[in-house]
Amino acid sequence: MEAYLDNAATTPVLPEVCSIMVKVMEEDYGNPSSKHTKGMAAEKYIKNAAEDIAALMKCQPKEIVFTSGGTEANNLAIIGAATANSRKGKHIITTSIEHSSVYEPLTYLEKQGFEVTYLPVDSNGIIDGDVLADAIRDDTILVSVMYVNNEIGAIQDIKKLSSIIKRADAGILFHVDAIQAYGKYKIIPKNLGADFISVSGHKIHAPKGSGFLYIKDKTKINPVIFGGGQQRGMRSGTENVPAIAGLGLASKIIYGMEGRTEKLYMLKKKLAGRLLEIDGVHINGIDGIALEQTAPHIVSASFEGVKSEVLLHALAAKGVFVSSGSACSSNHPGISGTLRATGLKNSLLDSVLRFSFSVLTEETQIDYAADVLEEELPVLRKFTRK
């Protein structure tokens, strides 16, 4: 049997999404900038995808800029917003548990003379609104916060944070990395109070190399890729029409699935329950809170006495595929990974695995993974002690 439990890393592409991508590549393969019928047919896929996504987000199609994925969307939002608004100030605020695609653009900006404040988090990966308020200065131009943390599933109260930011200064721009939240929660920019929202397609059963950045209309931002002026000059380069078509369709399918979040929470509870029956296993990011207060598709667990890489490979040999929970640490000086930021004790830092689900995950896969863990852990622990 096989249990693919690494969906926070990437998801399998839905059959319907594969079909529309093949159709674009085989039949409607024109350059969307071309003026002939083949080009216009290709351009229609882009237009339809933007309209479908905008309808789901209750925003305007022109506020959707397609990218090569979440990393490019984060880079465009952060570097584009910072450089466009640098006359007002050069101070940026983020958290200590962001993805490297946020940290690295910030590192670049620091070398260009910007100053970045990294907010601490509690044991569950949550930032304190008062700490955010205190960090805002007269020269603050941008705040970037991850909606759902990719390692432990911590959920930030984006609406509350936006209110704090805009109350301090309505001109401060707010970027939300929603890569792990899109498809799990309703993402309505107006309700969240976000100026930028980054999304990646391959987290919701669309292809790798697809994504978009929501940019609130009339928001001041510079492009970071220059060339032919596609997408109203915000992202030059011939559009990846098959991927964009796939992303638009995957968005419609996922948001059209009733009970998807409830299913994910059911799987999460089942796995967490099985894991806690095993000696020396700790669930991370639920210090005094319920599982339902964390993202529905992620479980981070520490396994005492076994290094994560050893356990990961032992599971993979039995057809159980997961991630090493400590692998997503930032390379930014002074900024450690999510688990270190939450205060997880050193003895557990190198024994973390992340299990993550999708709408395609079945209960039998959860049971199989738990059975394999129960079988392998005692053997690995015995071997480690020798």
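Residues numbered from 1 in each chain as written. Predicted model: local features only at pLDDT ≥ 70, side-chain atom pairs only at ≥ 80, totals over all residues. Heavy atoms only, no water.

Caption draft 1: Quick peek at the overall build of the protein. If you tally the helices and strands in the protein, you get 13 helices and 13 strands. Expected size for 386 residues packed as a compact globule is a radius of gyration near 21 Å; at 21 Å, the protein falls within 12% of this value. Dimensions of the protein, computed from the C-alpha atoms along their principal axes, are close to 65 × 55 × 35 Å. Buried positions account for 57% of the 386 residues belonging to the protein. (Helix = DSSP H or I, 4+ residues; strand = E, 2+ residues; numbered from the N terminus. Rg over C-alpha atoms; globule rule 2.2 N^0.38 Å. Buried < 20%, exposed > 50% of the residue type's maximum accessible area, 1.4 Å probe, protein only.)

Caption draft 2: Examining the pattern of salt bridges more closely. In this structure the tally under the stated criterion is 21 salt bridges. For Lys218, the salt bridge identified is with Asp217, shortest N-O distance 3.3 Å. Among the ionic contacts, a cluster of salt bridges with common partners joins Lys270, Arg274, Glu363, Asp367, Asp371 and Glu374. (Salt bridge = Lys/Arg side-chain N within 4 Å of Asp/Glu carboxyl O.)

Caption draft 3: Spotlight on the packing of aromatic side chains. A complete count under the given rule lists five aromatic pairs for this structure. On the numbers, 5.8 Å between centres and 45° between planes, the contact of Tyr103 with Tyr118 is tilted. Residue Tyr103 is found in helix H4 (residues 100-111), and its partner Tyr118 is found in strand S4 (residues 115-119); the two are separated by 15 residues along the sequence. The buried category is assigned to Tyr103, whose relative accessible area is 1%. For Tyr118, a relative accessible area of 18% gives the class buried. Cluster of aromatic residues (ring-pair linked, three or more members): Tyr182, Phe212 and Tyr255. The lysine or arginine in question, Lys38, covers the ring of Tyr29, its NZ or CZ lying 4.4 Å from the ring centre. (Phe/Tyr/Trp six-rings, centres within 6.5 Å; stacked < 30°, edge-to-face > 60°. Lys NZ or Arg CZ within 6 Å of the ring centre and 35° of its normal.)

Caption draft 4: Here's a closer look at helix H2 (residues 37-57). Counted at 1.5 Å a residue, the expected span for H2 with its 21 residues is 30 Å, and the 30 Å between its end C-alpha atoms agrees. When H2 is considered as a whole, its buried residues turn out to be Gly39, Ala42, Tyr45, Ile46, Ala49, Ala50, Ile53, Ala54 and Met57. Down the axis of H2, the buried set is contained in an arc of 155°. They therefore lie on one face. Away from its buried face, by an angle of more than 90 degrees, H2 presents the exposed residues Thr37, Lys44 and Ala55. Lining the buried residues of H2 we find helix H1 (15-26), strand S2 (64-67), helix H7 (189-192), strand S7 (196-200), strand S8 (211-215) and helix H8 (241-255). Immediately beyond the C-terminal end of H2, within one or two residues, lies Lys58, with a positive phi of roughly 55°. (Expected span 1.5 Å × (residues − 1). Arc of directions from axis to C-beta. Contact = heavy atoms within 4.5 Å.)

Caption draft 5: Quick look at the sheet that holds S4. One open sheet holds the seven strands; their spatial order is S2-S8-S7-S6-S5-S3-S4, and the pairing between them is mixed. A strand with exactly one partner marks an edge of an open sheet, and here the two such strands are S2 and S4. Strand-to-strand twist of the sheet, defined as the mean angle between neighbouring strand axes without regard to direction, takes the value 20°. With four bridges connecting them, S2 and S8 associate as antiparallel partners. Across the sheet, residue Thr67 finds its bridge partner in S8, namely Gly211. (Pairing = 2+ DSSP bridges. Axes fitted to C-alpha atoms, helices over the stretch in contact; angles between N-to-C directions.)

Caption draft 6: Main features of the pairing of strand S13 (residues 352-356). Counting buried positions over the five residues of S13 gives five, a clear majority of the element. The two faces of S13 match: Val352, Arg354 and Ser356 on one face and Leu353 and Phe355 on the other face are all buried. Bridge count between strand S10 (residues 298-303) and S13: five bridges; the pairing is antiparallel. From the neighbouring strand, Ile298 faces S13, where its bridge partner is Ser356. The sheet contact formed by strand S12 (residues 323-324) and S13 spans two bridges and is antiparallel. Residue Ser324 lies in a different strand from S13, and its bridge partner there is Leu353.

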